[in-house]
Each structure stands twice: as C-alpha cells, then as structure tokens.
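Remarks on the overall topology
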There are 2 protein chains.
Amino acid sequence: MTKGPSVNPGVIDLLGLLAYAELGSFFRLAGDAVLAPTLRGKGRLAALAATEQAHHQVLHDRLEELGVDPEEAMAPFVEPLDAWQARTEPKTWLESLVKTYVADGIAGDFYRRVAELADDETRILVEGVLAETGRAEFVAETVREALAEDPVLAGRLSLWARRLVGEALGQAQAVAVQRPRLAALLGEGSDRPGTEGADATGLGDLAAVSRMFASLTDRHAARLEAMGLTA
Amino acid sequence: MTKGPSVNPGVIDLLGLLAYAELGSFFRLAGDAVLAPTLRGKGRLAALAATEQAHHQVLHDRLEELGVDPEEAMAPFVEPLDAWQARTEPKTWLESLVKTYVADGIAGDFYRRVAELADDETRILVEGVLAETGRAEFVAETVREALAEDPVLAGRLSLWARRLVGEALGQAQAVAVQRPRLAALLGEGSDRPGTEGADATGLGDLAAVSRMFASLTDRHAARLEAMGLTA
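Residues numbered from 1 in each chain as written. Chains lettered and ligands numbered in written order. Predicted model: local features only at pLDDT ≥ 70, side-chain atom pairs only at ≥ 80, totals over all residues. Heavy atoms only, no water.

By the naming in an unreviewed UniProt entry, chain A is tRNA-(MS[2]IO[6]A)-hydroxylase (MiaE)-like, taken from Nocardiopsis flavescens.

Below is the structure:
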C-alpha cells in the first residue's frame, strides 16, 4: 500500500499521533480504575475508556483507507506519549480526572487542526469525534464539585495541571525536532503567517513550534478555568 | 426503585454476575495489553476490551430498566470474581488468550441460561451479546497457530486451562453456598429434573451445584479441543 498523492504527510502524522494518543488514553483510563472510589465510578471509567478505543479505531481505520499502515504512522509517537504518561501518573482519582480533561483538551486542539487541513471524509470523521463532548463536561463538573467541598484542593490540582502541560510541552519539543513538518503544520494558523516547507530544519520551524506552544498554553488556561482551577 | 413482580430473582443474580464479569474482563484485557508483543496486538486487545465494556453496559442498563440497582446486583459477585482474576494472572500473551477463551465460554453458558429463563426483551439483548462470536474464533485460531509452531506449548497451556477451570469451580462453590437460588437455577436443565426452590439450603441444592459443575466441565472440554488443547 502506498499513500495517495493528495494526502498531506503532516496530516498522516497528526492522525498517527492522535491514534496512538487515543490508545494510550484507553489504557490509562482502564488502568486508573483502581483509583475510582466506587463500583459506579469504575463502570464510568470503563465507559470513558471504551470511547477512547472507539476513537482510536476510527483513526486507525481511516489511516488504512488512506493507504497508510496505522502501526507505522503511530510508531514515531509511541515513545514521547508513553514518556508523558509515565511522567504524569495520577496519584488520586481527582488527579486522574484533571489529566483526562487536560489531555482531551490538547487532543481536541489537534483534532481541530486535522479538520482544517484534511480531506472531506477525514474531516467528517474528526468532527464526529469532536462532537462527543458530554464526557468532558462530566469531568469538569466532578472536579468543580470536589473543589466546592474542599477548596484547599484547588492549589494542589492547579499545580498538577501545570505539571501536566509542562511535561506535554517537553515531549512536544522532542517530537517537533524529529518531525519538523508536523511542527510547522501545528504552528500555522496562529497570528503569524505559516512557514510550512519554507525552512524545514531551521529557525522558521522553531518559530512555528513556539507559536504552537503559545496557542496550546492559551487554550489550556481557558480549560483550567472551566474546572475551577487557575493557570 | 423496586423490582417488577415478573422478574425472576435468580435472573437478576445472573445478570448481576455477568455484568460484573464483563467489567472484570474489560479491566483484565486492558491490563494484559502489556503482554501483547506488538502495537497491533495492543490495538486488538483494546478492541476486545471495548467489546466487554459494551456488553457490561447492555446488562447494566437492562438491570436499571428492570428497576434494579446495577451496583447492588453486582455486589455479591465482586469478591469471588476478583479472587478468580487474582488467582489466575496470565504470565504470557498466550495464557491471556486461553483465559479469555475459557472465561468467555463459561460466560456464554451463563448467557444461554439467562436467555432460557428471562423475559423476551432481556432474552433478545442476551442473544445479541452471544451473536458476537468472531472474537472467540480469532482467539482459538491464534492459540492453534502458536501450537502448530511450537507443539511443546500444548501441555503447559492445557495445564493452565485446567487451573483456570479449577479456580472457577472453587469460586463458584463459594457463590453457590451464598446464593443457593442461583445455584439451583444453574443446575436446572441438565439431565436431572430441576430443584429450584425445593430445598433452598439443603442437599437438593448441592446436587444442583454438582450438576452445574458437571455441565460446565463437559462444555469446557469441547472448548479446549477448539484451541487444540486437551482436558
């Protein structure tokens, strides 16, 4: 199988990244179930995990349809995403929920970028995934409720959220160095003009990466607010 | 919420047992993914796990529709099923596959019993779950392929399968003592006439339990053969 000529290789990278991220989230949510305080909580976590698996499957199957080996497309992102998971292991049920919310938010930003850049069929698939927002609201609400009961938690969880993003930016930097094309793609569409292909290994990309980080950080602050946390 | 008058309490027990068994299988399959030798294998395990979650959801929602608290219905089976999982932790990918096949087979026997005893709507749901057989075939095929490559494995995996059933029977005995009604229900429909309600704590039930065990063991032998193993 070979790639069709019309497929933007950066989009393949993005689909591979998201496919592995969804698989990783699946395993993490399933594993975190031990932290769930009740049988009901465990059931709910299992349902969330199954949704991630369904998203993974959509992306996996779409990559195949595009003539790309899904495992090959995911491979470059296994190490950085596993490293992020390992470096940010939640110690409590609430930390796990905040991690889910933050990770979903960042993934959502990436999905929206795919929707902007990809072919129509891929865009429709991605918009279907993005439409499943009910779960993020449940997570934010649960965190807000916990903060209302115990306001002292806000400081600790805000710090936790900051660490989550800090570690994500660290891994993103490593990916950006290895996949300059992807970094350029993600850096486009912010306030400055795109630099895709202009300078595939030079300063243009570093600037694009900085813009990508700035844009991620902005949206992250809004997401923290939705959970009742501060950036 | 209270139970409708038409619901056989033994059926509620069975639905609760199966609901928790599916949730347990979900967590086990997701956890076993570390044993999968490839990214492809991990993805496949995640898909299997998601199917278990979907089955759990079907049973959970049906219990609610029947006016029963799903968590309450599952509660009596948490300890014996968790104990079974803990006492039979697979050490290899193949052991994990054999466990999946054996556990699915036993669950299938229980689902068929529910289909015989329950109301029409529950029966249709259960038959829908049972119709998803593709996955069991994939598992049996993978085990047979591995045995063809390395026939020495057959002895070890046959022993493993025997231990899986032995441990299951041990836990079933404990459940049968605590839920004589359920044991009676499961013992019916074999070669001897049913004893449901006849002697809820006495010898009648012990006989029913023995019949249930005999019937489980018979079908188990056929399932081992399908994987190329011996009883």
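To continue, consider the interface of chain A and chain B. Taken residue by residue, the interface counts 20 residues in chain A and 20 residues in chain B. Carbon and sulfur atoms supply 77% of the area that chain A and chain B bury against each other, a total of about 1,600 Å² over both sides. On the chain A side of the contact with chain B, Phe27, Leu39 and Glu71 of chain A bury the most area, a combined 34% of that side's loss. Taken together, the connections running from chain A to chain B amount to 2 salt bridges. We note a salt bridge from Arg40 of chain B to Glu71 of chain A, for which the minimum N-O separation is 3.6 Å. On inspection of chain A and its partner chain B, the count reaches 0 residue pairs in polar contact (both at pLDDT 80 or more). Counting only elements with at least two residues in the side of chain A that touches chain B, the list comes to helix 1 (9–32), helix 2 (39–65) and helix 3 (70–87) of chain A. The element contributing the most residues to the side of chain A that touches chain B is helix 2 of chain A, with 11 residues. A breakdown of the residues in the side of chain A that touches chain B according to their chemical character gives 13 nonpolar, 4 polar and 3 charged. (Contact = heavy atoms within 4.5 Å. Buried area = accessible area lost by both parts, 1.4 Å probe. Salt bridge = Lys/Arg side-chain N within 4 Å of Asp/Glu carboxyl O. Polar contact = N/O pair within 3.5 Å; in protein donor to acceptor, adjacent residues only side chain to side chain. Helix = DSSP H or I, 4+ residues; strand = E, 2+ residues; numbered from the N terminus. Nonpolar A, V, L, I, M, F, W, Y, C, P; charged D, E, K, R; others polar.)

Quick look at the side chain of Gln85 of chain B now. Residue and element names in this part refer to chain B. Relative to the assigned elements, Gln85 resides in helix 3 (residues 70–87). Residue classification places Gln85 among the buried residues on the basis of a relative accessible area of 17%. A polar side-chain atom of Gln85 sits 2.9 Å from a polar atom in the side chain of Lys99. Here Gln85 is in contact with Gly24, Ser25, Arg28 and Lys99, once residues within four sequence places are set aside. (Buried < 20%, exposed > 50% of the residue type's maximum accessible area, 1.4 Å probe, protein only.)

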